[in-house]
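Chains, contacts and geometry: an overview
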Amino acid sequence: MAEETIFTKIINGTIPSKIIYHDELVSAFADINPKAEHHILIVTNKPIPSVAEVTKDDEPALGRLFTVARKIAEDLNVNESGYRLIVNVGKDGGQEVPHIHMHLLAGGKLGGLGFPDKK
Ligand code: 5GP
């Protein structure tokens, strides 16, 4: 069996973390090293290593990342003011954890492309 990713351990509760959203396809929790006032990771429950390996079967989970991003943005009261979604892919894309995840960054005006400096 493939080694569990750190995100699988968080989703399963092996690593304690406050899960802010969970359903049958995706889960969300705060990034351990926040780059903005709000920095949430929305991850597929299935440990797909990266966008480079997605298949058509993954479309329901990948679509769910967006609808859950909208829900979390509404909960944070930033759905109208705006926020940023980032998906890093592979080494050159700066992906550290090989388990598909979307970064949701919010809280005031964000800087240019890439991660803004933490305020
Ligand atoms: P990537 O660079 O792969 O797109 O982003 C990985 C993110 O996972 C980083 O922003 C990093 O801070 C976050 N991260 C790494 N390990 C942990 C962890 O154990 N718990 C949480 N909550 N976030 C983590």
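Looking at an unreviewed UniProt entry, one finds the protein named Histidine triad domain protein and attributed to Succinatimonas hippei.

**Here we look at the nonpolar core**
If you look at the biggest cluster of nonpolar residues, it comprises 16 residues, and the most contacted ones within it are Ile 42, Ile 72 and Leu 104. Counting only elements with at least two residues in this core, the list comes to strand 2 (26-30), strand 3 (38-44), helix 2 (59-75) and strand 5 (101-106). Looking at this core element by element, the count peaks at five residues for helix 2. Once you skip the residues sitting within four places of it in the chain, Leu 104 turns out to touch His 38, His 39, Ile 40, Ile 42, Ala 69, Ile 72, Ala 73, Leu 76, Tyr 83, Arg 84 and Leu 85. In terms of nonpolar packing, the next biggest core, distinct from the first, is built from seven residues, Phe 7, Ile 10, Phe 29 and Val 43 among them.

**A closer look at the layout of surface pockets**
Space inside the largest pocket adds up to approximately 430 Å³. Lining the largest pocket are 22 residues, and of these Phe 7, Asp 31, Ile 32, Leu 41 and Glu 96 sit closest to its centre. Looking at the lining of the largest pocket, the elements with two or more residues in it are helix 1 (6-12), strand 2, strand 3 and strand 5. Broken down by element, the residue count for the lining of the largest pocket peaks at three residues, all from helix 1.

**So, helix 2**
Between its terminal C-alpha atoms helix 2 stretches 25 Å, which fits the 24 Å expected from 17 residues at 1.5 Å a residue. Among the residues making up helix 2, those that are buried are Ala 61, Leu 65, Val 68, Ala 69, Ile 72 and Ala 73. Structurally, helix 2 contributes buried residues whose contacts are with strand 1 (19-22), strand 2, strand 3, strand 4 (84-86) and strand 5. Of the residues flanking the end of helix 2, it is Asn 77, one or two places downstream, whose phi is positive at about 65°.

About the criteria used
- Sequence order sets the numbering: in each chain, residues are counted from 1 along the sequence as written.
- With the structure being a predicted model, the display of local features is reserved for residues of pLDDT at least 70 and the display and counting of side-chain atom pairs for 80 or more, all residues being used for whole-chain, interface and lining totals.
- As a rule here, side-chain values come from all non-hydrogen atoms in the structure, and water together with hydrogens is ignored.
- Among buried residues, the Ala, Val, Leu, Ile, Met, Phe, Trp, Tyr and Cys ones that are joined through side-chain atoms within 4.5 Å form a nonpolar core.
- Relative accessibility under 20% of the residue-type maximum defines a buried residue, over 50% an exposed one, and the middle range a partly exposed one, all with a 1.4 Å probe and only protein chains included.
- Strands are runs of DSSP state E lasting at least 2 residues, helices are runs of H or I lasting at least 4, and numbering of each runs from the N terminus.
- In what follows, a contact means two residues having at least one pair of non-hydrogen atoms within 4.5 Å.
- Cavities and pockets are defined on a 1 Å grid built over the protein atoms alone: a cavity is a set of grid points where a 1.4 Å probe fits but cannot escape, while a pocket is an open set with protein on both sides within 12 Å along at least five of seven lines, and lining residues are those with an atom within 4 Å of any such point.
- Grid points are joined across faces, edges and corners, and a volume is the space filled by probe spheres set on the points.
- For a helix, the expected span equals 1.5 Å multiplied by the residue count minus one.

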